[in-house]
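# Understanding the architecture of this molecule
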Amino acid sequence: MSSADIYREIILDYYRNPRNYGKLPNPDVAQRDSNPLCGDELEMHLNIQENKVVDVKFTGKGCAISQASASMLTELIMGKDFEAVKKLSKEDILDNLGLHDLGPARIKCALLSLKVLKSGLYSYLSEKLKDTASADKIKEEASGLY
Amino acid sequence: MINIENIRNDFPILKRKVHKDKALVYFDNAATTQKPMQVIDSISHYYLHYNSNIHRAVHELAEEATLAYETTRDKIAKFINAKNREEIVFVRGTTEAINLVAYAWGRQNINKDDIVVTTEYEHHSNIVPWQLLTKERGAKLEYIGVDDNGELILDQLNRYLETGKVKLVTFSQMSNVLGTITNSEEIIRRCKKNGVRVLVDGAQSVPHMKVDLQKLDCDFFAFSAHKMLGPTGVGVLWARKELLEAMVPFNGGGDMIREVHKYETTWNDLPYKFEAGTPNIADVIGFGAALDYLDKIGMDKVREHEVEITRYALDKISQIKGIKIYGPMDTAKRGGVISFNLGDIHPHDLATIIDEDGVAIRSGHHCAQVLMERLDVSATSRASFYIYNTKDEVDVFIKSLYRAKELFRI
Ligand SMILES: Cc1ncc(COP(=O)(O)O)c(C=O)c1O
């Protein structure tokens, strides 16, 4: 896809004015990751109550695609059922961003946020909920994102 | 002046189109350069006509292959003005050369509380091996800082030297990010006065300017073939003969031995003591063709051409509003490397946009995260030039930067 299609107004807006930017004081989920190739960094914080994501924030450094993707993901999951969040797929993220046919190098930027989210949910599922089966499944999904 | 038209004709890849119909503008030469037909031909010629293992067999093919392989060693000695051909060890690249020194010299000579000094503008390959070594030996790693002009703060070197604990100073002769040409002679002079060994990373210097090891007077010197028209997988470690003689081997195996008994082995002569196993014969031969190519142009001419292109590019790029250029602006102090940032456009986004116009540059931390921290950026964009690049290509690049600005509405 061409740059004109990637860097639409909305992507630039989320890049320059990220929604839900920041940290939570006592997050139930706190997860950080970086893309070793380009150095994009992302940290996501979530609070989960009664099977709902009640609060979510992120901080990070990186390209417009990775940062807009993270910010839009926080909006997507805010207030959502935990079950639905667990099921989010690569396609959901790309649909949400309106970015398809990104090249292999740049798709990693778009998916870093989902990878961080899934890794965070893995820790939450395995350590707090002791749900090893779901945890393992989500861990596999996270590692398949690159 | 060099004849660019003739040179470009030797590089078939420069004729290819990218993104359907865009002429390729290859500005990622600090990462790796393109290869001329002469190099490609010499490699296929070896495989087609005299492929065989070297040094051991007595048949004709092996003799031809051994001769070609060893001739590259002579060419290298001449190219960098090394005193002895046996001081030239073939390795996989700069990274392996530095690791070899850290392992085979460092473990014998760096002890508890000793200091190894590197710089803030090193490639990871000249930082990580020293972190590993100093941790293992209980020694310390210190850094010469970089000033706001992108040059090393040499006063800091004096402070370290005064402790009397420095055993090795290691630095790159040209920064792969800032393009800064290090004042190597001065550093080496100060180290020699204090009896301190010096390793010079020549990965970015040897390809772009005349290097004379006898004048430079360092102890270890490393560089890679693929950054100077040669193939990947070949590099050189040069070290003083007496140091190589005292060092333990890096790899054990065939070719590096004199006699092997059940519990005892004696080492082969230099440089073979450090070349265990079947080496990268074809690519060493290809490297010889690359050296011939550069020799024919002349390294002074190579440098002259790059200075001209760099000056032109610096002049144009600094006129763009919102541009931040890193490193010295004086082309006498800078190689053909320009690192920059444009407004709030992240380098990856910038590289994606200008790639659409056929312009290949690098974006990211350039394996120099310590320097990125010093510059307080997470990444930069980097354009780097070589003998086949033209001012017209710089114009395409500059035009593309303006397009990126438009797309990002800045
Ligand atoms: C200054 C410098 N040192 C070392 C290296 C590592 O070279 P290689 O990857 O060929 O081992 C590079 C290459 O990127 C470099 O620019």
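Residues numbered from 1 in each chain as written. Chains lettered and ligands numbered in written order. Predicted model: local features only at pLDDT ≥ 70, side-chain atom pairs only at ≥ 80, totals over all residues. Heavy atoms only, no water.

For the rest of this paragraph, the subject is the interface of chain B and chain A. Listed per partner, the contact involves 14 residues of chain B and 21 residues of chain A. Roughly 1400 Å² of surface becomes buried between chain B and chain A when both sides are summed, with 49% attributable to carbon and sulfur atoms. At the boundary of chain B with chain A, the tally comes to 3 salt bridges. For the interface between chain B and chain A, the tally reads 10 residue pairs in polar contact (both at pLDDT 80 or more). Residues that form the side of chain B that touches chain A fall into these classes: 5 nonpolar, 5 polar and 4 charged. (Contact = heavy atoms within 4.5 Å. Buried area = accessible area lost by both parts, 1.4 Å probe. Salt bridge = Lys/Arg side-chain N within 4 Å of Asp/Glu carboxyl O. Polar contact = N/O pair within 3.5 Å; in protein donor to acceptor, adjacent residues only side chain to side chain. Nonpolar A, V, L, I, M, F, W, Y, C, P; charged D, E, K, R; others polar.)

Moving on, we come to the confidence of the model for chain B. Residues of chain B with pLDDT of at least 70 account for 100%, and the chain-wide mean is 97. Here the complex is predicted with pTM 0.95, and the ipTM for its interfaces comes to 0.91. (pLDDT = per-residue confidence, 0-100.)

A few words on the sheet that holds strand β2 (residues 41-49) of chain A. Residue and element names in this part refer to chain A. On the basis of which strands lie adjacent, the open sheet formed by 3 strands has the order β1-β2-β3 and antiparallel pairing. Here the strands that pair on one side only, and so sit at the sheet edges, are β1 (29-34) and β3 (52-61). Strand-to-strand twist of the sheet, defined as the mean angle between neighbouring strand axes without regard to direction, takes the value 15 degrees. Examined bridge by bridge, β1 and β2 share 6 bridges and lie antiparallel to one another. Its bridge partner being in β2, A30 is matched across the sheet by H45. Along the sheet face, helix α3 (residues 64-77) touches β2 and β3 and points at about 170 degrees away from the line of β3. Relative to the sheet, helix α6 (residues 104-128) contacts β1 and β2, its axis offset from that of β1 by approximately 140 degrees. (Pairing = 2+ DSSP bridges. Helix = DSSP H or I, 4+ residues; strand = E, 2+ residues; numbered from the N terminus. Axes fitted to C-alpha atoms, helices over the stretch in contact; angles between N-to-C directions.)

With that out of the way, let us pick up the packing of aromatic side chains. What the rule picks out here adds up to 17 aromatic pairs over all chains. Seen from their ring centres, F27 of chain B and F385 of chain B are 4.9 Å apart, and the 85 degrees between their planes marks the pair as edge-to-face. With F27 of chain B in the loop between β3 (25-26) and α2 (37-50) and F385 of chain B in the loop between β17 (380-384) and α14 (391-407), the pair connects residues that are 358 residues apart, well separated along the chain. As far as the burial class goes, F27 of chain B and F385 of chain B line up, both buried. Connected via pairs of aromatic rings, a cluster forms that spans F11, Y293, Y386 and Y388 of chain B. Geometry around Y14 of chain A places R19 of chain A over its ring, the cationic atom sitting 3.9 Å from the centre. (Phe/Tyr/Trp six-rings, centres within 6.5 Å; stacked < 30°, edge-to-face > 60°. Buried < 20%, exposed > 50% of the residue type's maximum accessible area, 1.4 Å probe, protein only. Lys NZ or Arg CZ within 6 Å of the ring centre and 35° of its normal.)

As a further point, take the domain arrangement of chain B. Residue and element names in this part refer to chain B. You can read the domains of chain B as domain 1 (4-28 + 298-407) and domain 2 (41-295). The C-alpha-based centres of domain 1 and domain 2 are spaced at 28 Å. Counting from both sides, the interface comprises 34 residues of domain 1 and, opposite them, 32 residues of domain 2. Around 2600 Å² of area is buried between domain 1 and domain 2 when both sides are counted, 59% of it from carbon and sulfur atoms. Summed over the shared surface of domain 1 and domain 2, the result is 3 salt bridges. Here D148 makes a salt bridge to R374, at a shortest N to O gap of 2.9 Å. Scanning the region where domain 1 abuts domain 2 turns up 18 residue pairs in polar contact (both at pLDDT 80 or more). Taken together, the elements giving at least two residues each to the side of domain 1 that touches domain 2 come down to α11 (299-317), β14 (337-342), α13 (369-375) and β17. Looking at the side of domain 1 that touches domain 2, the element that brings in the most residues is α13, giving 6 residues. (Domains from an automatic or database assignment.)

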